Amino acid sequence: FSRERPTTMRLDRLCLLSIDPARSSGWAVFDGAILHDSGCAKTSAHRDDAVAAWLHLASAKDLVRAVVAEDWFKGARSHATTYSMGVSFGRWAEAVEATGIREDWILRVKPSDWRKALQFRSRGRQAAKAESVRYVHSLHGLTVGDDEADAICLGHATLRRAEWFGTVLPASQRKLLAETTR
């Protein structure tokens, strides 16, 4: 009698869409731990293109689809900022739900948590965004805006902390991503 038990997640089986919701939303698509594509969505057409790129990659390589989005945070600058983030997240959630991923399957991560996972040391919004831009440039050689950089960094942090998905992914998807040991 042998008993298998999941230990870690097989990131090579994962297709991750990472979203930084705002008026101009940064997004990134990861093929396992590799950045595949990224951009900044300012219109519904841009958002649809990002979702289509994620779907195409997942379908072409038979990968498990997952989504992470930056969560609202207590330090939002104003009610207007919080409102626009909510509207943007709602539009992203609508586009993602059209693909069969329920809103409650979207992992939500606070900026302080993903920055801590990447060991960022910056204090303050502007310094943290600048650190994201530098991180992406040093890791990928890309020069991107701060919204896109935040989405890429959010994706990298989530992949470092794959156990976060245990709280949102359905059991069937967790099983597909599980690496088992005897």
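Residues numbered from 1 in each chain as written. Predicted model: local features only at pLDDT ≥ 70, side-chain atom pairs only at ≥ 80, totals over all residues. Heavy atoms only, no water.

Draft legend 1. Layout of the overall build of the chain. The helix and strand inventory of the chain stands at 6 helices and 7 strands. Walking the chain from its N terminus toward its C terminus, one meets helices and strands in the order β-β-β-β-α-β-α-β-α-α-α-α-β. Here the chain, with 182 residues, has 45% of them falling under the buried criterion. Taking contacts inside the chain between residues at least 6 apart in sequence as the whole, the part at least 24 apart equals 64%. (Helix = DSSP H or I, 4+ residues; strand = E, 2+ residues; numbered from the N terminus. Buried < 20%, exposed > 50% of the residue type's maximum accessible area, 1.4 Å probe, protein only. Contact = heavy atoms within 4.5 Å.)

Draft legend 2. Expanded view of the nonpolar core. If you look at the biggest cluster of nonpolar residues, it comprises 27 residues, and the most contacted ones within it are Leu14, Leu16, Phe30, Trp114, Leu118, Cys153 and Phe165. For this core, the elements supplying multiple residues, two or more each, are strand 2 (14-20), strand 3 (25-31), strand 5 (64-70), strand 6 (107-109), helix 3 (111-117), helix 4 (125-140) and helix 5 (146-160). A per-element tally of this core places helix 5 first, with 6 residues. With residues up to four places along the chain from it excluded, the contact list for Phe165 reads Met9, Leu14, Leu16, Ala66, Val67, Leu107, Thr158 and Arg174. Formed by 21 residues, the second largest nonpolar core is a distinct cluster that contains Cys15, Trp27, Ala95 and Val96. (Core = buried A, V, L, I, M, F, W, Y, C linked by side-chain atoms within 4.5 Å.)

Draft legend 3. Looking closely at the sheet that holds strand 2. One open sheet holds the 5 strands; their spatial order is 4-3-2-5-6, and the pairing between them is mixed. Every interior strand has two partners, whereas the edge strands, strand 4 (34-41) and strand 6, have only one. For this sheet, the mean inter-axis angle between neighbouring strands, taken without regard to orientation, is 20°. On top of the sheet, helix 1 (residues 44-61) reaches strand 2, strand 3, strand 4 and strand 5; it is set at about 5° to strand 3, its chief contact. (Pairing = 2+ DSSP bridges. Axes fitted to C-alpha atoms, helices over the stretch in contact; angles between N-to-C directions.)

Draft legend 4. Inspection of unusual backbone geometry at higher detail. For Asp62, which is not glycine, the phi dihedral falls at a positive 55°. Here Asp62 lies in the loop between helix 1 and strand 5. Since its relative accessible area comes to 71%, Asp62 is described here as exposed. For Gln119, which is not glycine, the phi dihedral falls at a positive 60°. According to the relative accessible area criterion, Gln119 is exposed, its value standing at 56%.

Draft legend 5. Molecular detail of the pairing of strand 4. Pairing of strand 3 with strand 4, which is carried by 7 bridges, proceeds in the antiparallel orientation. Looking at the pairing, Ala28 lines up with Ser38 of strand 4.

Draft legend 6. Layout of the side chain of Thr99. Following the sequence through the fold, Thr99 ends up in the loop between helix 2 (79-97) and strand 6. Side-chain polar atoms of Thr99 contact the side chain of Arg65, separated by 3.0 Å. Among the polar contacts listed, one links the side chain of Thr99 to the backbone oxygen of Val96, at a separation of 2.5 Å. In this view, Thr99 contacts Val51, Trp54, Leu55 and Arg65; residues no more than four positions away in its chain are not counted. (Polar contact = N/O pair within 3.5 Å; in protein donor to acceptor, adjacent residues only side chain to side chain.)

In short, geometric facts, not functional conclusions.
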